[in-house]
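Here is how the chains run, residue by residue.
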Amino acid sequence: TVSVLNWTRRYTKMLVLILGDFHIPHRAADIPPKFKKMLARAREDRKIEHVLCTGNLCNSDMYDYLKSLCSSVKVVMGDFDERPAGRTCNEFEVVEIGGFKIGLIHGHQVVPWGDTEALLMWQRKLDCDILVSGGTHKFKAEEVNGRFLINPGSITGACSPTDPDPTPSFVLMDISGGSAQNFVYQMKGDEMKIVKREFTKKD
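Quick caveat, the model's predicted, so the values are computed rather than measured.

Cut-offs used in this document
- Residues numbered from 1 in each chain as written.
- Predicted model: local features only at pLDDT ≥ 70, side-chain atom pairs only at ≥ 80, totals over all residues.
- Heavy atoms only, no water.
- Helix = DSSP H or I, 4+ residues; strand = E, 2+ residues; numbered from the N terminus.
- Rg over C-alpha atoms; globule rule 2.2 N^0.38 Å.
- Buried < 20%, exposed > 50% of the residue type's maximum accessible area, 1.4 Å probe, protein only.
- Contact = heavy atoms within 4.5 Å.
- Areas by Shrake-Rupley, 256 points an atom, 1.4 Å probe, with all protein chains shown as cover.
- Lys, Arg positive; Asp, Glu negative; His and termini not counted.
- Charge placed at Lys NZ, Arg CZ, Asp CG, Glu CD.
- Salt bridge = Lys/Arg side-chain N within 4 Å of Asp/Glu carboxyl O.
- Core = buried A, V, L, I, M, F, W, Y, C linked by side-chain atoms within 4.5 Å.
- Phe/Tyr/Trp six-rings, centres within 6.5 Å; stacked < 30°, edge-to-face > 60°.
- Lys NZ or Arg CZ within 6 Å of the ring centre and 35° of its normal.
- Disulfide = S-S within 2.5 Å.
- Polar contact = N/O pair within 3.5 Å; in protein donor to acceptor, adjacent residues only side chain to side chain.
- Axes fitted to C-alpha atoms, helices over the stretch in contact; angles between N-to-C directions.
- Parallel < 35°, antiparallel > 145°, perpendicular 65-115°, else oblique.
- Nonpolar A, V, L, I, M, F, W, Y, C, P; charged D, E, K, R; others polar.
- Pairing = 2+ DSSP bridges.

Some words on the overall build of the protein chain
Along the backbone of the protein chain there are four helices and eleven strands. Here the C-alpha radius of gyration of the protein chain, 15 Å, is about what a compact globule of 203 residues would show, namely 17 Å. Dimensions of the protein chain, computed from the C-alpha atoms along their principal axes, are close to 40 × 40 × 35 Å. Residues classed as buried in the protein chain amount to 54% of the 203 residues present. When contacts within the protein chain are restricted to residue pairs at least 6 apart in sequence, long-range pairs at least 24 apart make up 57% of them. As displayed, the protein chain offers around 9,600 Å² of accessible surface, 47% of which is attributable to carbon and sulfur atoms. Looking at the protein chain, you have 27 positive and 26 negative side-chain charges, and the mean spots of the two groups are 5 Å apart.

Some thoughts on the pattern of salt bridges
For the structure on display, the rule yields six salt bridges. Here Lys140 makes a salt bridge to Glu142, at a shortest N to O gap of 3.6 Å.

A look at the nonpolar core
One recurring pattern in soluble globular proteins is that nonpolar side chains are buried together. Leu17, Leu19, Phe22, Leu39, Leu66, Phe170 and Tyr185 are the most contacted members of the largest nonpolar core, which totals 32 residues. For this core, the secondary-structure elements that each account for two or more residues are β1 (14-19), α2 (33-45), β2 (48-53), α3 (60-69), β3 (73-75), β9 (169-176), β10 (179-188) and β11 (191-200). The leading source of residues in this core is α3, at five residues. Leave out the neighbours within four places in its chain, and Leu66 touches Leu19, Phe22, Val51, Cys53, Leu57, Val73 and Val75.

Concerning the packing of aromatic side chains
Within the structure shown, the criterion is met by five aromatic pairs. Between Phe170 and Tyr185, the ring centres sit 5.0 Å apart and the planes meet at 5 degrees, which makes this aromatic pair stacked. Note that Phe170 is positioned in strand β9 and Tyr185 in strand β10, a separation of 15 residues in sequence. When sorted by exposure, Phe170 lands in the same class as Tyr185, which is buried. Counting every residue linked through ring pairs, the aromatic cluster contains Phe35, Phe170 and Tyr185. Here the guanidinium or amino end of Lys201 rests over the ring plane of Phe100, the centre of that ring lying 5.9 Å away.

What to know about the state of the cysteines
A full pass over the atoms with the stated rule returns zero disulfides. You can see Cys159 has no disulfide; the closest cysteine sulfur is in Cys58, sitting 11 Å from it. Classification of Cys159 as partly exposed rests on a relative accessible area of 31%.

What to know about helix α4 (residues 116-126)
Buried within α4 we find Thr116, Ala118, Leu119, Leu120, Trp122, Gln123 and Leu126. The N-cap of α4, judged by a side-chain oxygen 3.2 Å from the amide nitrogen of Glu117 a few residues on, is Asp115.

Thoughts on the packing of α2 against α3
Where α2 contacts α3, the axes come no closer than 9 Å and their chain directions differ by 45 degrees. It follows that α2 is oblique to α3 by the angle criterion. For the pair formed by α2 and α3, the contact residues are Lys36, Leu39 and Arg43 on the first element and Tyr65, Ser68 and Leu69 on the second. In terms of residue class, the contact of α2 with α3 is built from three nonpolar, one polar and two charged.

Considering the pairing of strand β8 (residues 147-151)
Looking along a regular strand, one sees side chains alternate from face to face of the sheet. Most of β8 sits out of view: four of its five residues are buried. Here five bridges tie strand β7 (residues 140-144) to β8, and the two strands are oriented antiparallel to one another. Its bridge partner being in β8, Lys140 is matched across the sheet by Asn151. Counted between consecutive antiparallel strands, the loop separating β7 from β8 contains two residues, among which Asn145 sits at a positive phi close to 55 degrees.

So this is what it looks like as structure tokens:
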């Protein structure tokens, strides 16, 4: 577990905010206040350089909120999103950040949901080092065959068909060279917990 205190001092390289499955206002009222407070500090310190969102914002105001955090925002279509007016929103995206090729999908395309082999099919399709997906509303990270699969969960803790009360969570990925350190923020009751997962790119 990583201390929450002085969190901005910990990140010195390229910081990527990974989040999704808001479902506001249908399944959740808002992002947990402690998450919003921490992300407001990140905005003030200009720490976040990229935002990757797995979709299901379900609210145009949430896109504006993400754009307020940083200018580089990628959002894919979730199965409950309506196609937005005035901007492009694709089923998947592939971006290169700090030497990593990162694929981004919502996850409703993955059958069964969250299945490792099905996710690897998308990883191969997008030819990426890291595949970011959502849909399950549950954080998960695993390294398979030299590739990294990560699901940030639901930032609001919105219910899903498989879990009536998920743990709210999101990820801050700190990229330096061939290393991606992933700090997973989770709300356990009223307490914010952080766990760390690291992925190193193989040559």
